[in-house]
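Residue-level structure breakdown
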Amino acid sequence: MTTSAAASSRRRRRGPELEAALLDAAWDELAEAGFARLTMESVATRAGTGIAVLYRRWANKDQLVLAALEHYRISHPVDLPDTGTLRGDLLAALTGMAEARAAFFAVTAAAAFSGLLTSTGLTPAQVRDRIIGDQRLPRVRAIYQRAHDRGEIDLDRIPPAVLAMPFDLVRHDLLMDLEPPKPARIRSILDELFLPLVRGHHDAPDPAAAV
C-alpha cells in the first residue's frame, strides 16, 4: 500500500473503528512518552488524523487518557478458565491477570504520579472506579458460581469483600511493584488467606438459623 493509499484508508475510518484507533494511539503515546509529554497533537499525529477529531470526542487530554486506559483494559480481557476446582480456577485467573495487567498498571501508575491525579483532581480510588467501574467482581462471579454449584463454597454466606480480596491483593501488588507477583505470592494469597476464610464461612453455622 502506498503512502497516499494508507492515508486515504485512515481518513475513511468511521465510528467505533475510528474511536478505537484514536484510543490505541493514545495508549501507545502514553506508554512511550508518558502523561506529562503526551499532547492532543501528538496523539492525533500518531493516529494519522486531525486534532479536531480528538476534540470532538474528548474535551482535553485528561479525558482522553482516562478513556484510553479504560479502552486498553476492556480490549485486553483476562481469561477466566474452568479447571474444575475453585483453587485451580483462581490460580489460573490470578496468574493470567498478573501477567496481562502488568503493563496496564505500570502505565496507569506512571500517569497518575506524573500529573493525571493533579490535573483531573481525582483521587486514586476515583480513577480506579472510572477505569474499572463495576467490573471488578461481576466478571469473576462465574468462577465463584461454579464453585458454589460444586458445593465447594456457599455464596450466600460469603461477603462480597471476601470474594474480591484475592483480586484486590494482586492489583495492590501490581501497583506497588509494577511487575507480576511471583507464583509463590499468588499461592500464598489463595492457600493462606482466601481459601481458609471462605471455607470458614462454608462450615460455620448460619446466624439466621439461630434467630
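These remarks concern the structure in this document. (Residues numbered from 1 in each chain as written. Predicted model: local features only at pLDDT ≥ 70, side-chain atom pairs only at ≥ 80, totals over all residues. Heavy atoms only, no water.)

With that settled, the discussion passes to the overall build of the chain. The number of helices and strands found in the chain is 10 helices and zero strands. Ordering the α and β elements of the chain from the N terminus gives α-α-α-α-α-α-α-α-α-α. Here the chain holds 211 residues, and 38% of them are scored as buried. For the chain, contacts bridging at least 24 residues in sequence account for 70% of all contacts bridging at least 6. For the chain, the accessible surface area stands at approximately 11300 Å², while carbon and sulfur atoms represent 55% of it. (Helix = DSSP H or I, 4+ residues; strand = E, 2+ residues; numbered from the N terminus. Buried < 20%, exposed > 50% of the residue type's maximum accessible area, 1.4 Å probe, protein only. Contact = heavy atoms within 4.5 Å. Areas by Shrake-Rupley, 256 points an atom, 1.4 Å probe, with all protein chains shown as cover.)

What follows deals with the nonpolar core. With 58 residues, the main nonpolar core has Leu69, Leu86, Tyr144 and Phe194 as its most contacted residues. Top contributing element to this core by residue count: helix α6 (residues 86-120), with 14 residues. Apart from the residues lying within four places of it in its own chain, the contact partners of leucine 69 are Trp27, Leu30, Phe104, Val107, Thr108, Leu116 and Ile131. (Core = buried A, V, L, I, M, F, W, Y, C linked by side-chain atoms within 4.5 Å.)

Two measures describe an aromatic ring pair: the distance that separates the ring centres and the angle between the ring planes. Applying the stated rule across the entire model yields five aromatic pairs. For the pair phenylalanine 104 and phenylalanine 105, a centre-to-centre distance of 5.5 Å together with 85° between the ring planes defines the contact as edge-to-face. Residues phenylalanine 104 and phenylalanine 105 agree in their burial class; the two are buried. With a centroid separation of 6.0 Å and 45° between ring planes, the pair formed by tyrosine 144 and phenylalanine 194 is classed as tilted. Here the residue tyrosine 144 occupies a position in helix α8 (residues 141-150), and phenylalanine 194 occupies one in helix α10 (residues 183-203), the gap between them amounting to 50 residues. Judged on exposure class, the residue tyrosine 144 and its partner phenylalanine 194 are both buried. Through successive ring pairs, a cluster of aromatic residues spans Trp27, Tyr72, Phe104 and Phe105. (Phe/Tyr/Trp six-rings, centres within 6.5 Å; stacked < 30°, edge-to-face > 60°.)

Another point: the pattern of salt bridges. Between side chains of opposite charge, a pair can form as their charged atoms come close. Using the criterion set out here, one finds 10 salt bridges in the structure. Here aspartate 89 and arginine 146 are joined by a salt bridge, their closest N and O atoms 3.2 Å apart. With aspartate 89 in helix α6 and arginine 146 in helix α8, the pair connects residues that are 57 residues apart, well separated along the chain. The class for aspartate 89 is buried, based on a relative accessible area of 0%. The partner of arginine 150 in a salt bridge is glutamate 152, and the shortest N-O contact between them spans 2.7 Å. Through salt bridges with shared partners, one network takes in Glu29, Glu32 and Arg46. (Salt bridge = Lys/Arg side-chain N within 4 Å of Asp/Glu carboxyl O.)

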